[in-house]
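In case you want the letters, here they are:
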Amino acid sequence: MKINKTNAARLLDKAKITYELIPYEVDENDLSAVHVAASLGENIEQVFKTLVLHGDKSGYFVCVIPGEHEVDLKLAAKASGNKKCDLIPMKELLPLTGYIRGGCSPIGMKKHFPTYIHETCRKFPYIYVSAGTKGLQIKIAPDDLIRESGAGTCRLFED
(Lines give C-alpha, C1' and ligand atoms only; values in the text may rest on other atoms or scores of the structure.)
Protein backbone atom coordinates (compact mmCIF):
# COMPACT_ATOMS: atom_id res chain seq x y z
CA MET A 1 0.00 0.00 0.00
CA LYS A 2 1.41 3.38 -1.00
CA ILE A 3 1.34 5.96 1.77
CA ASN A 4 1.07 9.56 0.63
CA LYS A 5 3.60 11.84 2.31
CA THR A 6 2.13 14.56 4.47
CA ASN A 7 3.56 18.04 4.94
CA ALA A 8 4.92 16.91 8.33
CA ALA A 9 6.73 13.98 6.67
CA ARG A 10 8.20 16.25 3.97
CA LEU A 11 9.54 18.60 6.65
CA LEU A 12 11.16 15.65 8.47
CA ASP A 13 12.70 14.49 5.16
CA LYS A 14 14.06 18.00 4.53
CA ALA A 15 15.59 18.04 8.04
CA LYS A 16 17.07 14.54 7.39
CA ILE A 17 15.29 13.11 10.45
CA THR A 18 14.62 9.37 10.65
CA TYR A 19 10.96 8.43 11.15
CA GLU A 20 8.35 5.94 9.97
CA LEU A 21 4.85 6.60 8.65
CA ILE A 22 2.48 4.11 10.27
CA PRO A 23 -1.10 3.80 8.93
CA TYR A 24 -4.01 2.78 11.14
CA GLU A 25 -7.73 2.19 10.74
CA VAL A 26 -9.76 5.36 11.37
CA ASP A 27 -12.97 5.18 13.40
CA GLU A 28 -14.87 8.45 12.83
CA ASN A 29 -16.80 7.78 16.06
CA ASP A 30 -13.58 7.44 18.07
CA LEU A 31 -10.72 9.74 17.07
CA SER A 32 -9.02 9.30 20.46
CA ALA A 33 -5.36 8.48 20.92
CA VAL A 34 -6.53 5.46 22.96
CA HIS A 35 -8.17 4.09 19.78
CA VAL A 36 -5.02 4.88 17.77
CA ALA A 37 -2.81 3.05 20.31
CA ALA A 38 -5.11 0.03 20.25
CA SER A 39 -5.11 0.02 16.43
CA LEU A 40 -1.31 0.14 16.38
CA GLY A 41 -0.95 -2.41 19.19
CA GLU A 42 1.23 0.13 21.04
CA ASN A 43 1.56 1.34 24.61
CA ILE A 44 -0.81 4.31 25.08
CA GLU A 45 2.00 6.10 26.98
CA GLN A 46 3.90 6.29 23.64
CA VAL A 47 1.00 7.57 21.53
CA PHE A 48 0.88 11.34 21.96
CA LYS A 49 -1.89 13.74 21.04
CA THR A 50 -1.39 17.34 19.92
CA LEU A 51 -3.48 20.03 21.59
CA VAL A 52 -3.64 23.72 20.69
CA LEU A 53 -4.25 26.21 23.48
CA HIS A 54 -4.55 29.96 23.87
CA GLY A 55 -2.92 31.76 26.77
CA ASP A 56 -3.87 35.14 28.22
CA LYS A 57 -0.34 36.51 27.67
CA SER A 58 1.44 34.45 24.98
CA GLY A 59 -1.44 33.74 22.61
CA TYR A 60 -1.47 30.35 20.90
CA PHE A 61 0.76 27.44 21.92
CA VAL A 62 0.89 23.66 21.50
CA CYS A 63 0.99 20.85 24.08
CA VAL A 64 1.85 17.27 23.12
CA ILE A 65 0.85 14.70 25.75
CA PRO A 66 0.37 10.92 26.08
CA GLY A 67 -3.01 10.00 24.67
CA GLU A 68 -4.99 8.89 27.68
CA HIS A 69 -4.18 11.97 29.77
CA GLU A 70 -5.83 15.38 29.95
CA VAL A 71 -3.65 18.49 29.89
CA ASP A 72 -3.55 20.31 33.25
CA LEU A 73 -4.40 23.88 32.25
CA LYS A 74 -2.56 25.34 35.26
CA LEU A 75 0.65 23.47 34.40
CA ALA A 76 0.29 24.36 30.70
CA ALA A 77 -0.22 28.04 31.58
CA LYS A 78 2.82 28.03 33.86
CA ALA A 79 5.02 26.27 31.25
CA SER A 80 4.01 28.78 28.58
CA GLY A 81 4.35 31.91 30.72
CA ASN A 82 0.61 32.54 31.06
CA LYS A 83 -1.62 33.13 34.08
CA LYS A 84 -4.38 31.09 32.46
CA CYS A 85 -5.09 29.23 29.23
CA ASP A 86 -7.77 27.19 27.52
CA LEU A 87 -8.03 24.72 24.66
CA ILE A 88 -9.04 26.52 21.47
CA PRO A 89 -12.56 25.92 20.13
CA MET A 90 -12.60 23.07 17.58
CA LYS A 91 -13.80 25.41 14.79
CA GLU A 92 -10.53 27.41 15.11
CA LEU A 93 -8.23 24.39 14.65
CA LEU A 94 -8.24 24.11 10.83
CA PRO A 95 -7.95 27.86 10.02
CA LEU A 96 -5.22 28.30 12.65
CA THR A 97 -3.08 25.19 12.08
CA GLY A 98 -4.09 23.76 8.71
CA TYR A 99 -4.95 20.51 10.50
CA ILE A 100 -8.25 18.83 11.44
CA ARG A 101 -9.33 17.12 14.65
CA GLY A 102 -7.82 13.64 14.73
CA GLY A 103 -5.04 14.70 12.36
CA CYS A 104 -3.22 17.55 14.10
CA SER A 105 0.58 17.19 14.02
CA PRO A 106 3.05 19.21 16.10
CA ILE A 107 5.13 19.47 12.89
CA GLY A 108 4.18 21.65 9.94
CA MET A 109 1.40 23.85 11.26
CA LYS A 110 0.62 26.93 9.13
CA LYS A 111 2.59 29.00 11.64
CA HIS A 112 5.09 27.90 14.27
CA PHE A 113 3.73 28.12 17.81
CA PRO A 114 5.65 27.58 21.06
CA THR A 115 5.48 23.83 21.70
CA TYR A 116 5.70 21.85 24.94
CA ILE A 117 5.97 18.07 25.08
CA HIS A 118 5.23 16.10 28.24
CA GLU A 119 8.50 15.04 29.87
CA THR A 120 7.69 11.28 29.83
CA CYS A 121 8.40 11.24 26.07
CA ARG A 122 12.09 10.78 26.88
CA LYS A 123 11.43 7.46 28.65
CA PHE A 124 10.89 5.79 25.27
CA PRO A 125 13.12 5.09 22.23
CA TYR A 126 10.25 6.30 20.02
CA ILE A 127 6.81 7.88 20.31
CA TYR A 128 3.93 8.39 17.90
CA VAL A 129 2.37 11.70 16.87
CA SER A 130 -0.11 12.47 14.12
CA ALA A 131 1.39 12.74 10.64
CA GLY A 132 -1.10 15.51 9.86
CA THR A 133 -4.02 13.46 8.60
CA LYS A 134 -6.42 10.92 10.08
CA GLY A 135 -5.21 7.36 9.68
CA LEU A 136 -1.47 8.09 9.72
CA GLN A 137 1.02 8.39 12.57
CA ILE A 138 4.69 9.35 12.66
CA LYS A 139 6.92 7.02 14.69
CA ILE A 140 9.87 9.16 15.78
CA ALA A 141 12.60 9.41 18.43
CA PRO A 142 11.51 11.95 21.07
CA ASP A 143 14.70 14.02 20.77
CA ASP A 144 14.20 14.31 17.00
CA LEU A 145 10.62 15.51 17.51
CA ILE A 146 11.76 17.99 20.17
CA ARG A 147 14.46 19.35 17.86
CA GLU A 148 12.26 19.59 14.76
CA SER A 149 9.30 21.18 16.56
CA GLY A 150 11.50 23.52 18.62
CA ALA A 151 9.78 22.16 21.72
CA GLY A 152 10.57 22.26 25.38
CA THR A 153 9.76 19.37 27.70
CA CYS A 154 7.91 19.83 30.96
CA ARG A 155 5.16 18.35 33.13
CA LEU A 156 1.75 18.98 31.55
CA PHE A 157 -0.41 16.87 33.86
CA GLU A 158 -0.22 15.40 37.37
CA ASP A 159 0.68 11.72 37.51
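For the structure, check the block above.
Residues numbered from 1 in each chain as written. Predicted model: local features only at pLDDT ≥ 70, side-chain atom pairs only at ≥ 80, totals over all residues. Heavy atoms only, no water.

## A word on the packing of aromatic side chains
Part 1 of the argument: The full count for this structure, using the stated rule, is 3 aromatic pairs.
Part 2 of the argument: Arranged with centres 5.9 Å apart and planes meeting at 65°, the rings of Tyr60 and Phe113 form a pair that is edge-to-face. Within this pair, whereas Tyr60 is found in strand β3 (residues 59-66), its partner Phe113 is found in the loop between α4 (90-97) and β5 (115-118), the two being separated by 53 residues in sequence.
Part 3 of the argument: For Tyr60, a relative accessible area of 26% gives the class partly exposed. (Phe/Tyr/Trp six-rings, centres within 6.5 Å; stacked < 30°, edge-to-face > 60°. Helix = DSSP H or I, 4+ residues; strand = E, 2+ residues; numbered from the N terminus. Buried < 20%, exposed > 50% of the residue type's maximum accessible area, 1.4 Å probe, protein only.)

## Some remarks on unusual backbone geometry
Part 1 of the argument: Look at Lys16: it is not a glycine, yet its phi comes out positive at around 60°.
Part 2 of the argument: Inspection of the secondary structure puts Lys16 in the loop between α1 (7-14) and β1 (19-23).

## Comments concerning the layout of surface pockets
Part 1 of the argument: In this structure, the largest pocket occupies an estimated 640 Å³ of space.
Part 2 of the argument: Lining of the largest pocket is provided by 28 residues; of these, Lys49, Thr50, Leu51, Arg101 and Gly102 occupy positions nearest its centre.
Part 3 of the argument: Sort the elements by how many residues they give to the lining of the largest pocket and strand β2 (residues 48-55) lands first, with 5 residues.
Part 4 of the argument: Of the residues belonging to the lining of the largest pocket, the class tally is 17 nonpolar, 7 polar and 4 charged. (1 Å grid on protein atoms, 1.4 Å probe; cavity = no way out; pocket = protein on both sides within 12 Å on 5 of 7 lines; lining within 4 Å. Points joined across faces, edges and corners; volume = space filled by probe spheres on them. Nonpolar A, V, L, I, M, F, W, Y, C, P; charged D, E, K, R; others polar.)

## Describing the pattern of salt bridges
Part 1 of the argument: Using the criterion set out here, one finds 7 salt bridges in the structure.
Part 2 of the argument: Between Lys139 and Glu20 there is a salt bridge whose closest N-O contact spans 3.8 Å. Of this pair, Lys139 sits in strand β7 (residues 136-140) while Glu20 sits in strand β1; the two residues are 119 residues apart in sequence, bridging distant segments of the chain.
Part 3 of the argument: Of the residues examined, Glu20 reaches a relative accessible area of 41% and is grouped as partly exposed. (Salt bridge = Lys/Arg side-chain N within 4 Å of Asp/Glu carboxyl O.)

## A word on the pairing of β7
Part 1 of the argument: Among the 5 residues of β7, 4 are classified as buried, and the element is accordingly described as predominantly covered.
Part 2 of the argument: Bridge analysis of β1 against β7 gives 5 bridges, and the strand direction is antiparallel. Paired with Ile22 across the strands is Gln137, a residue of β7.
Part 3 of the argument: Sheet topology note: the strand β6 (residues 127-133)/β7 ladder contains 5 bridges and is antiparallel. (Pairing = 2+ DSSP bridges.)

## Examining α1
Part 1 of the argument: Every buried residue of α1 is listed here: Ala8, Ala9 and Leu12. Down the axis of α1, the buried side of the element spans an arc of 100°, and every buried residue falls inside it.
Part 2 of the argument: Contacts made by the buried residues of α1 are with β1, β6, β7 and α5 (142-149).
Part 3 of the argument: Directly beyond the C-terminal end of α1, a positive phi value near 60° is found at Lys16. (Arc of directions from axis to C-beta. Contact = heavy atoms within 4.5 Å.)

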